[in-house]
Amino acid sequence: MAAVVSITGLTKSFGRSMALDGLDLEVSEGEVHGFLGPNGAGKSTTLRILLGLLRADSGTVRVLDGDPWRDVVTLHRRIAYVPGDVSLWPGLSGGEAIDLLGRLRGGLDERRRAELLDTFELDPTVRGHAYSKGNRQKVAIVAALSSNAELLILDEPTSGLDPLMEATFRQEIRRELTLGRSVLLSSHILAEVESLADRISIIRRGKVVETGSLEQMRSHARTNVAATLSDGAAGLTGIPGVEGLRIEGSRVHFSVDAGGLAAAMNVLSGHGVSALTVTPPSLEDLFLQHYGERGGQEQGQRRPQ
Amino acid sequence: MNGAHAARAPLSGISVTGTPLTGTLALLRHAVRLDRWKLLPWLLVIGIFPTVSYSVYGSLFSTPLEAKALQLSLGTNPAFSLLFGPATDLGTAAGFTAWRVQMFGMFFAALMAVFTVTRHTRAAEESGRAELLDSGVVGRHARLASAVVLAWLASAAVTVLVGVALMVAGSAPAPAFALGGAFGGMGLAFAGVAAVTAQLGSTGRTANTLAATVLGVGYLLRGLGDTLDDSRWLLWTNPMGWAEEIRPASENDLRPLLLLLAAALALTLLAAWLESRRDFGAGLIASRGGPARGTLGTWRLTARLNRGAFWTWGVVFVALGSVYGLVATTMSGIFNDNPFVKQMIAFRLATEEQLLFAFVEVLLLVLAFIGGVFGIQVILRFHTEEDEGRAEWMLSAPLARLSYVMPTVVLAALGPAVGMAAGSAALATSARLAGSELDTAQVVFQGLAEVPALWLAAAVALFLVGLAPRVRAGAWLLLVYWLLLTMFGPVLKAPDWLLSTSPFHVVPNVLESNPDWLPVLWTTLLAAALLLAGLAGYRRRDLMSR
């Protein structure tokens, strides 16, 4: 698969503060790429550089085989964007705003526009100042999805949407995928990324610290195991990769990395296992591996990657 | 609403029986804390300007005769009366100060009060700040009351500041506090006006515009009252006229202050009555829905965003021009009454026509200043789009930066020029209709001669937006500096090189046999250079994000 976005060694600073510090990111054609990180990690800055709104300090950035700073107009015909915090013109109706953006890109898909207004239950006659945050977000979503762009760049698109609308949004994004579009979805809503993204990049302090499909990430992350054994669990302590072992009577809890999983299972079966729960790491676990120990340095060192 | 508050109060355990004003004091404290840095510049500018003027008086005129001469020569030009009120007594420092700063002080004190009240009422409702506060234990009218009281306190502070500062500079107490009282009184009354307009408009901008319109109309009425024959009664029709009737330094009559105070109270009560007749967030002038489809592109969007400003300033241009034209007819009366003028004409130092045109020139300068405001406003409006995050969205479409900014550049170049043409044409027309002998073509020509200076003002704003957006407000300061320098520089005997830093000063008089257009050409070239630099900067810089 060709890359629609490829970034290597991107840096960007604002005055003294370093927003991006050697960021690498690659989005393949036809995938939803989840761009995960808390506020201030550098997600929006990255997206703005991809849109040519900000200029990179160093590094190479290619979008749809173009230079996002130099080839603004030609690239933007093929890209649609939903800002993180949509601000509308107070005096313009939502419909006028959608059509303005459509006109700038030389027309929009009329049928899709009508359909989207309907599914998102958006009233296009309301003036900008009277929309709620969620409805402003919908205006930008409708404008982006009714364009014929190949690449959708979405910056926390569902902030302010209620859970029902979030579900609608996911449905619409899946539909975009069937049309062959690629999506770069920045978010801090794990469930959204988990359910939509083919691949995920986790960004921390201006760097991508982990990237891959959820499965790949899981394979080198730790699995949580809980078991009830008929005799002691002495053998578990010797297995490489087992950590956080807790024994409460006949119950044992521990986590184990992929390399030690087979050995651990052997030990368990040798001790007469009568109940077993194996939980693969959730995205939240993966995320917390990079962020959860924000204060605890030692834990961070113990878990490289 | 009352029921809701009564139900909420016991929960918080503070008061069981809330009145409509419960919580006013708490809100007031909060408002003071929010506003201290916003009000300070107003207080300083309004408070210090009179003292500066008072202090330079001694160095200005070496003999009392010189002051008298200035008074007489100002008397030859009713434009000054129209703009700043009559110069009744320039023989004393206090009299000179009162004439020079009274209109400015009154105007700015009123604006300060208007902005303060709107900020804490309508604008707070609009931004959602008020909702948070109103859900606490506050009475129905508490927020309005706290806003008005804050503006009143600020107005009182202006009075005290002006009075004390002038006394420190050496003035007698009576004129010092009379001048301070005229400023403070305007603040009181216009806090009331803004309290009412905040109920009428559904946005802070509408509320401010309505109140400023009242102020502008008042300013015009009192100007006519000062200049037209037999129309002194016009002064009694509005707060600005009342404040002027205090006549600091010459009469020190504090009775009009009572009128201003009464107006302030009556208007505030009216506002409270209106407030209980509307819903939270809604104005009595309702905002309607819009069309479901749109056909806007960048050009029409720019037109749409500046539509309000265009028509507002268009009306101001034509209205001011027409009113100024009317005043031209009283010129011959003034020439006959004024012995100084009679002498000038007798000794062929000036013809009546020249004196008339000198009058027109000063008024055109005021129109030009408005044109400058309009141009800068158009440019800064463009930056607001970036500031509020809409430019980011627009530029995510296939739209180059230069194509995005171009409609704004064209509007900033043409809009003020059209306004200037319309204003000067209106001036000449109304003057001719009233029987004056002004030549319309000459007046319009003189008006258009100011246009390059307006371009320079707008170009400075664009230069800043392109290269140093954080200090873009500097364009306003520069415009004010140019106006003050051009209006008062010659009176204050500023050196030529200093006067020449204002593009308005270097505009030649088109009646001269050999007008010098070179400075105007330079102004135009400088404007073009700044424009190009600004555009290049805007194309290359990072878009500011929120």
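Source: prediction; values computed, not measured.

1. What about a negative patch on the surface?
Residues and elements named next belong to chain B.
- A cluster of acidic residues, Glu352, Glu353, Glu437 and Asp439, forms a negative patch on the protein surface.
- Structurally, Glu437 is set in the loop between helix H18 (401-433) and helix H19 (440-449).
- Residue Glu437 is classed as exposed on the basis of its relative accessible area of 72%.

2. Let's talk about the packing of aromatic side chains
Residues and elements named next belong to chain B.
- A complete count under the given rule lists 14 aromatic pairs over all chains for this structure.
- Between Phe84 and Phe104 the ring centres are 6.1 Å apart and the planes differ by 25°, which places this aromatic pair in the stacked class. Note that Phe84 is positioned in helix H4 (residues 78-84) and Phe104 in helix H5 (residues 93-120), a separation of 20 residues in sequence. Of the two residues, Phe84 and Phe104, both sit in the buried class.
- Following the ring pairs from residue to residue traces out a cluster consisting of Phe49, Phe84, Trp99 and Phe104.

3. Describing the sheet that holds strand E4 (residues 58-63) of chain A
Residues and elements named next belong to chain A.
- The strand order E2-E1-E4 describes an open sheet built from three strands, whose pairing is antiparallel. Across the chains shown, the open sheet's two edge strands, defined by having one partner strand only, are strand E2 (17-28) and E4. The average undirected angle you get between the axes of adjacent strands in this sheet is 15°.
- Note: strand E1 (residues 3-14) against E2, nine bridges, orientation antiparallel. Within the sheet, the bridge partner assigned to Ala3 lies in E2 and is Ser28.

4. A few points about the pattern of salt bridges
Residue and element names in this part refer to chain A.
- The full count for this structure, using the stated rule, is 36 salt bridges over all chains.
- Between Lys43 and Glu156 there is a salt bridge whose closest N-O contact spans 2.8 Å. Within this pair, whereas Lys43 is found in helix H1 (residues 43-50), its partner Glu156 is found in the loop between strand E6 (151-155) and helix H6 (163-178), the two being separated by 113 residues in sequence. Here Lys43 matches Glu156 in class, with each residue buried.
- Where Arg112 meets Glu115, a salt bridge forms, and the shortest distance between an N and an O atom there is 3.3 Å. Of this pair, Arg112 and Glu115 are both found in helix H4 (residues 110-119), three residues apart, which corresponds to roughly one turn of the helix.
- Arg112 gets classed as buried once you look at its relative accessible area, which sits at 5%.
- One network of salt bridges, with partners in common, ties together Arg112, Glu115, Glu172, Arg175, Glu176 and Arg181.

5. Regarding the environment of A:Ile98
All names here are of chain A.
- In this structure, Ile98 sits in helix H3 (residues 94-104).
- What makes Ile98 buried here is its relative accessible area of 0%.
- Taking the C-alpha atoms as reference points, Ile98 and Arg181, separated by 83 residues in sequence, lie 20 Å from one another.
- Apart from the residues lying within four places of it in its own chain, the contact partners of Ile98 are Leu108, Arg113, Leu117, Leu122, Val139, Val142 and Ala143.

6. Some words on helix H3 (residues 64-75) of chain B
Residue and element names in this part refer to chain B.
- When the terminal C-alpha atoms of H3 are compared, their 17 Å separation across 12 residues agrees well with the 16 Å that a helix rising 1.5 Å per residue should span.
- Here H3 has its buried residues at Ala67, Leu70, Gln71 and Leu74. For H3, the angular spread of the buried residues around the axis is 100°, confining them to a single face.

7. Regarding unusual backbone geometry
- Of note in this structure, A:Asp65 is not a glycine but carries a positive phi near 60°.
- Along the chain, A:Asp65 turns up in the loop between E4 and helix H2 (72-76).
- A relative accessible area of 68% means that A:Asp65 is categorised as exposed.
- Residue B:Ala249 is not a glycine yet carries a positive backbone phi of 80°.

8. Points about the domain arrangement of chain B
Residue and element names in this part refer to chain B.
- Considered domain by domain, chain B is made up of domain 1 (27-285) and domain 2 (297-546).
- Averaged C-alpha coordinates put domain 1 and domain 2 at centres separated by 26 Å.
- Counting residues at the interface gives 24 residues for domain 1 and 24 residues for domain 2.
- Here domain 1 packs against domain 2, burying approximately 2,300 Å² in sum over the two surfaces, 81% of which is carbon and sulfur.
- Linking domain 1 to domain 2 there are zero residue pairs in polar contact (both at pLDDT 80 or more).

9. A closer look at the interface of chain A and chain B
- Taken together, the contact pairs 43 residues of chain A with 36 residues of chain B.
- In this assembly, chain A packs against chain B so that about 3,500 Å² is buried in total across both faces, 55% of it on carbon and sulfur atoms.
- The three residues of chain A that bury the most area against chain B are A:Leu53, A:Trp89 and A:Leu104, which together make up 19% of that side's buried surface.
- Our enumeration of links across chain A and chain B arrives at five salt bridges.
- With a shortest N-O distance of 2.8 Å, A:Glu110 and B:Arg293 are connected by a salt bridge.
- Counting across the chain A and chain B interface gives 23 residue pairs in polar contact (both at pLDDT 80 or more).
- Sorting the residues of the side of chain A that touches chain B by element identifies E1, H2, strand E5 (79-82), H3, H4 and helix H5 (133-145) of chain A as the ones contributing at least two each.
- Residue contributions to the side of chain A that touches chain B peak at eight residues, all from H3(A).
- By residue class, the composition of the side of chain A that touches chain B is 23 nonpolar, eight polar and 12 charged.

10. Comments concerning the side chain of B:Arg381
- Looking at the element boundaries, B:Arg381 is found in helix H16 (residues 352-387).
- Sequence-distant contacts of B:Arg381, that is, excluding residues within four places in its chain, are made with B:Arg205, B:Leu305, B:Asn306 and B:Arg390.

11. Describing the nonpolar core
- Residues A:Trp89 and B:Phe183 are the most contacted members of the largest nonpolar core, which totals 218 residues.
- Not counting the four nearest positions on each side in its chain, B:Phe183 is found in contact with B:Ile46, B:Pro50, B:Val101, B:Gln102, B:Gly105, B:Met106, B:Ala109, B:Val158 and B:Val162.
- By size, the runner-up hydrophobic cluster in this structure holds 12 residues, among which are A:Val225, A:Leu236, A:Ala264 and A:Leu268.

12. Considering the environment of B:Ser322
Residue and element names in this part refer to chain B.
- Summarising the element assignment, Ser322 is placed in helix H13 (residues 298-328).
- The partly exposed category is assigned to Ser322, whose relative accessible area is 25%.
- Those residues within four positions of Ser322 in sequence are excluded, and the remaining contacts are Ala426, Leu427 and Ser430.

13. Some thoughts on the domain arrangement of chain A
Residue and element names in this part refer to chain A.
- When cut into domains, chain A gives domain 1 (3-217) and domain 2 (218-302).
- On the side of domain 2, 12 residues touch domain 1, which itself brings 18 residues to the contact.
- Roughly 1,400 Å² of surface becomes buried between domain 1 and domain 2 when both sides are summed, with 60% attributable to carbon and sulfur atoms.
- Interface area lost by domain 1 to domain 2 is led by Leu190, Arg204 and Met217, which between them contribute 34%.
- Between domain 1 and domain 2 we count zero salt bridges in total.
- For the side of domain 1 that touches domain 2, the elements supplying multiple residues, two or more each, are helix H7 (190-196), strand E8 (199-204), strand E9 (207-213) and helix H8 (214-219).
- Along the lines of polarity and charge, the residues of the side of domain 1 that touches domain 2 split into 11 nonpolar, two polar and five charged.

14. Quick notes on the environment of A:Glu96
- Following the sequence through the fold, A:Glu96 ends up in helix H3.
- Take A:Glu96: its relative accessible area is 6%, and that puts it in the buried class.
- For the pair A:Glu96 and A:Lys43, spaced 53 residues apart in sequence, the C-alpha to C-alpha distance is 29 Å.
- When sequence neighbours within four positions are dropped, the list of residues in contact with A:Glu96 reads B:Pro291, B:Ala292, B:Arg293, B:Gly294, B:Leu296 and B:Arg304.
- Of the polar contacts made by the side chain of A:Glu96, one reaches the backbone nitrogen of A:Ser93; its length is 3.0 Å.

Each value, and the rule that gives it
Residues numbered from 1 in each chain as written. Chains lettered and ligands numbered in written order. Predicted model: local features only at pLDDT ≥ 70, side-chain atom pairs only at ≥ 80, totals over all residues. Heavy atoms only, no water. Patch = residues over 30% accessible without salt bridge, like charges linked within 9 Å, V, L, I, M, F, W, Y side chains within 5 Å. Areas by Shrake-Rupley, 256 points an atom, 1.4 Å probe, with all protein chains shown as cover. Salt bridge = Lys/Arg side-chain N within 4 Å of Asp/Glu carboxyl O. Lys, Arg positive; Asp, Glu negative; His and termini not counted. Charge placed at Lys NZ, Arg CZ, Asp CG, Glu CD. Helix = DSSP H or I, 4+ residues; strand = E, 2+ residues; numbered from the N terminus. Buried < 20%, exposed > 50% of the residue type's maximum accessible area, 1.4 Å probe, protein only. Phe/Tyr/Trp six-rings, centres within 6.5 Å; stacked < 30°, edge-to-face > 60°. Pairing = 2+ DSSP bridges. Axes fitted to C-alpha atoms, helices over the stretch in contact; angles between N-to-C directions. Contact = heavy atoms within 4.5 Å. Expected span 1.5 Å × (residues − 1). Arc of directions from axis to C-beta. Domains from an automatic or database assignment. Buried area = accessible area lost by both parts, 1.4 Å probe. Polar contact = N/O pair within 3.5 Å; in protein donor to acceptor, adjacent residues only side chain to side chain. Nonpolar A, V, L, I, M, F, W, Y, C, P; charged D, E, K, R; others polar. Core = buried A, V, L, I, M, F, W, Y, C linked by side-chain atoms within 4.5 Å.

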